[in-house]
Amino acid sequence: MRGVDAVSNIIRFMALLFLQVFIFRQVSLGWGGADYIFIFVAPLFVALLPMRTPRPLVVIIAFLFGISVDAFYGTLGVHAAAATFAGYARQFALLVLEPRERYKVKASPDGKDLSQGWWLRYVGIMVASYTVFYFSMEAFSPLFWREIALKSVLTIPVSWLLCGIIVSLLQPRI
Amino acid sequence: MEQILRIFYNNGSFITFVGLQLLCFYLIVNFNATQRAIAAETWTVRAGGVKDAVSTFQDYLDLREENEIQQRENAELRSKLQEYQSNRQGVTSDSIQDLIYGQRFTILAANVVNRSSYSPNNTAIIDRGNNFRIQAGQGVLGDEGLLGIVDVVSNYHTRIISILHRATRISAGLRNNAFGTLQWDGRDPRRMTLTDIAEFYPVSPGDTVFTTGYSSVFPTGQVIGTVESMVIQAGTGSQNLVVRLINDPLATRNAFVVQDLFKDDIAPLNTSNQ
């Protein structure tokens, strides 16, 4: 589950899908009859795709993962849209966070030279982009911007924390 | 082709992203009751605004046609004015064949489609020609004021000599029946000179200058401009008036060709004079 080869990615696909739809789907907190805190590990799958994956392929794979999540959530298209957006946003996250000595994708395919701090920031951006887009699609109108903002503000830290824990436990390579 | 492929290669992720987002929108709207209701509501609210914008745009596209209609109507209305009628009201004798309800001048709407670059001898082209029985010597009016006189007629277009042309001579006068010849010295396109007004006629700055209608070119009483100043011509007993034009003949787009139905009737009388 930690490598960059196809098998690892397929296992990751299965594992994160399982975590998302069977465990974290049950977790939602809120008050007054509405839930405001959710946990998303789906963006982690998009984030952990190998760095050398062609960008259009990243978008397509992200879409497939999102639509799989939707199949279990019964919200066809909503997670898919968020995952597709995260897949598209990934290249910009990588670009923004590029270390001064550039990614050593070819020299050292391990990718172990990336620090804990880098991982946290990277996962944070991915989670944030996924979450904001997800809630926007769920509300489906800018009129509900308050709700979108509130849910995003509450959900992002929790999801970020959880994704950060998974990353530091697995120490994945991309 | 190669460029198209290159664009796709460079923006592949963006195009994929947009395509998949559209697919997602389709799925969201079609398979989620809440979002479908919101989308329908949003559409209802926005559609009004969109329709308004579309109709504004379409109105704008129709402007040219509307303008043409208005222009034709103007031409028709102007030809019904008093000064375009032949002066035969009240003649009851049935021996006179009243041709078309006492109509003397008809008006034909046209557009200026080309004009010479500014010089002491300006000309312009309008988009009517032989097909509308335009003949050399007919007058051309603007929305207000005069434009010029027909010079050369081709099948579909006509060249007019602008009033701002040194060869132009127009019979013009004042309300007190003083009349003279209006001409241009080729200098200031805002002013023309009305010559040969007898010195004893009282003229004040601001007096209106009209066409006299003594030729068959323009109907009587068309406003040309106002008197700006008077210059007594010593020893000739006449004065020249500097006339400030009411219009800018070099910038006018709408033209109205004046056709005198009695021209052939009057012309032989003028020549046998000499």
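As a starting point, this report considers the structure included with it. None of these values were measured; they are calculated from a predicted model.

Rules behind the numbers
Residues numbered from 1 in each chain as written. Chains lettered and ligands numbered in written order. Predicted model: local features only at pLDDT ≥ 70, side-chain atom pairs only at ≥ 80, totals over all residues. Heavy atoms only, no water. Helix = DSSP H or I, 4+ residues; strand = E, 2+ residues; numbered from the N terminus. Contact = heavy atoms within 4.5 Å. Areas by Shrake-Rupley, 256 points an atom, 1.4 Å probe, with all protein chains shown as cover. Phe/Tyr/Trp six-rings, centres within 6.5 Å; stacked < 30°, edge-to-face > 60°. Buried < 20%, exposed > 50% of the residue type's maximum accessible area, 1.4 Å probe, protein only. Expected span 1.5 Å × (residues − 1). Arc of directions from axis to C-beta. 1 Å grid on protein atoms, 1.4 Å probe; cavity = no way out; pocket = protein on both sides within 12 Å on 5 of 7 lines; lining within 4 Å. Points joined across faces, edges and corners; volume = space filled by probe spheres on them. Buried area = accessible area lost by both parts, 1.4 Å probe. Salt bridge = Lys/Arg side-chain N within 4 Å of Asp/Glu carboxyl O. Nonpolar A, V, L, I, M, F, W, Y, C, P; charged D, E, K, R; others polar. Pairing = 2+ DSSP bridges. Axes fitted to C-alpha atoms, helices over the stretch in contact; angles between N-to-C directions. Core = buried A, V, L, I, M, F, W, Y, C linked by side-chain atoms within 4.5 Å. Parallel < 35°, antiparallel > 145°, perpendicular 65-115°, else oblique.

## Observations concerning the overall build of chain A
- If you tally the helices and strands in chain A, you get 6 helices and 2 strands.
- Each helix and strand of chain A, placed in order from N terminus to C terminus, yields the pattern α-β-β-α-α-α-α-α.
- Within chain A, contacts between residues separated by at least 24 positions form 71% of all contacts whose residues are at least 6 apart in sequence.
- When the accessible surface of chain A is summed, it comes to about 8500 Å², and 68% of that surface belongs to carbon and sulfur atoms.

## Remarks on the packing of aromatic side chains
Residue and element names in this part refer to chain A.
- Going through the model one piece at a time under the given rule, you end up with 24 aromatic pairs over all chains.
- Between F45 and F65 the ring centres are 4.5 Å apart and the planes differ by 20°, which places this aromatic pair in the stacked class. With F45 in helix α2 (residues 42–47) and F65 in helix α3 (residues 55–73), the pair connects residues that are 20 residues apart, well separated along the chain. There is no split in this pair, since F45 and F65 are both buried.
- Arranged with centres 4.9 Å apart and planes meeting at 25°, the rings of W118 and Y122 form a pair that is stacked.

## Remarks on helix α2 (residues 12–31) of chain B
- In a regular helix each residue adds 1.5 Å, so 20 residues correspond to 28 Å; α2 of chain B covers 28 Å between its end C-alpha atoms and thus fits that length.
- Restricting attention to buried positions, one finds in α2 of chain B the residues G12, S13, T16, F17, L20, Q21, C24, L27 and I28 of chain B. Within α2 of chain B, the buried residues cover an arc of 150° as seen down the axis, which keeps them to one side. Set apart from the buried face of α2 of chain B by more than 90 degrees, the exposed residues are L22 and Y26 of chain B.
- On its buried side, α2 of chain B packs onto α3, α4 (78–96) and α5 (116–139) of chain A together with α1 (2–10) and α3 (33–79) of chain B.

## Things to note about the layout of surface pockets
- Of the volumes computed, that of the largest pocket is approximately 640 Å³.
- What lines the largest pocket is a set of 23 residues, and nearest its centre among them are M51, T53, P54, R55 and Q91 of chain A.
- For the lining of the largest pocket, the secondary structure elements donating two or more residues are α3 and α4 of chain A together with α1 and α2 of chain B.
- It is α4 of chain A that provides the largest number of residues to the lining of the largest pocket, a total of 6 residues.

## Points about empty space enclosed by the protein
Residue and element names in this part refer to chain B.
- As enumerated under the stated definition, the model contains 4 cavities of 30 Å³ or more in all.
- Within this model, the largest cavity holds a volume of roughly 100 Å³.
- Taken together, V112, R115, S116, N122, T123, A124, L147, I160, S162, P249, L250 and T252 make up the full set of residues lining the largest cavity.
- Residue assignment for the lining of the largest cavity shows that the elements contributing at least two residues are β1 (105–115), β2 (121–126) and β5 (158–165).

## Looking at the interface of chain B and chain A
- On the side of chain A, 24 residues touch chain B, which itself brings 19 residues to the contact.
- The junction of chain B with chain A conceals about 1700 Å² of combined surface from both sides, 77% of it contributed by carbon and sulfur atoms.
- Run the count over chain B and chain A and you get 0 salt bridges.
- The greatest single-element share of the side of chain B that touches chain A, amounting to 14 residues, is contributed by α2 of chain B.
- Looking at the side of chain B that touches chain A, its residues break down into 12 nonpolar, 7 polar and no charged.

## Quick look at the sheet that holds strand β6 (residues 170–173) of chain B
All names here are of chain B.
- Within the closed barrel, the 6 strands sit side by side as β6-β7-β8-β11-β10-β9. Their pairing is antiparallel. Across the sheet, the mean angle separating the axes of adjacent strands is 40° when strand polarity is ignored.
- By the bridge criterion, 2 bridges tie β6 to strand β9 (residues 208–211) in an arrangement that is antiparallel. Paired with A172 across the strands is T211, a residue of β9.

## Observations concerning the environment of W118 of chain A
- Structurally, the position occupied by W118 of chain A is in helix α5.
- For the pair W118 of chain A and L97 of chain A, spaced 21 residues apart in the sequence, the C-alpha separation amounts to 7.3 Å.

## What to know about the pairing of strand β4 (residues 146–153) of chain B
All names here are of chain B.
- Across 3 bridges, strand β3 (residues 139–141) lies against β4 in antiparallel orientation. By the bridge assignment, G139 is partnered in β4 with I149.
- Between the end of β3 and the start of β4, which pair antiparallel, lie 4 residues, with G145 showing a positive phi angle near 75°.
- Bridging between β4 and β5 involves 5 bridges; their strand directions are antiparallel. Paired with G148 across the bridge in β5 is S162.
- Here β4 folds back onto β5, and the loop between the two strands holds 4 residues.

## Things to note about the sheet that holds strand β12 (residues 254–260) of chain B
- Taken together, the 6 strands give a closed barrel; going around it, the order is β1-β2-β5-β4-β3-β12 (chain B), and neighbouring strands pair in antiparallel fashion. Adjacent strand axes in the sheet meet at a mean angle of 45°, parallel and antiparallel pairs treated alike.

## Details of the nonpolar core
- Of all hydrophobic cores here, the largest spans 59 residues; its most connected members are L44, F65, W118, W119 and Y122 of chain A.
- When contributions to this core are tallied by element, the ones reaching two or more residues are α1 (6–23), α2, α3, α4, α5 and α6 (145–170) of chain A together with α2 and α3 of chain B.
- Of the residues forming this core, the biggest block, 12 residues, is contributed by α5 of chain A.
- Ignoring sequence-local partners within four residues, the contact set of L44 of chain A consists of L16, V123, C163, I166 and V167 of chain A.
- The next biggest cluster of nonpolar side chains, apart from the first, holds 29 residues, and it includes L182, L194, V203 and L245 of chain B.

## Remarks on the packing of α2 of chain B against α3 of chain B
All names here are of chain B.
- Contact geometry of α2 with α3 gives a least axis separation of 5 Å together with a crossing angle of 100°. Relative to α3, α2 is oriented roughly perpendicular. Across from I28, V29, N30 and F31 in α2, the residues of α3 making contact are A33, Q35, R36 and A39.
- Looking at the contact of α2 with α3, its residues break down into 5 nonpolar, 2 polar and 1 charged.

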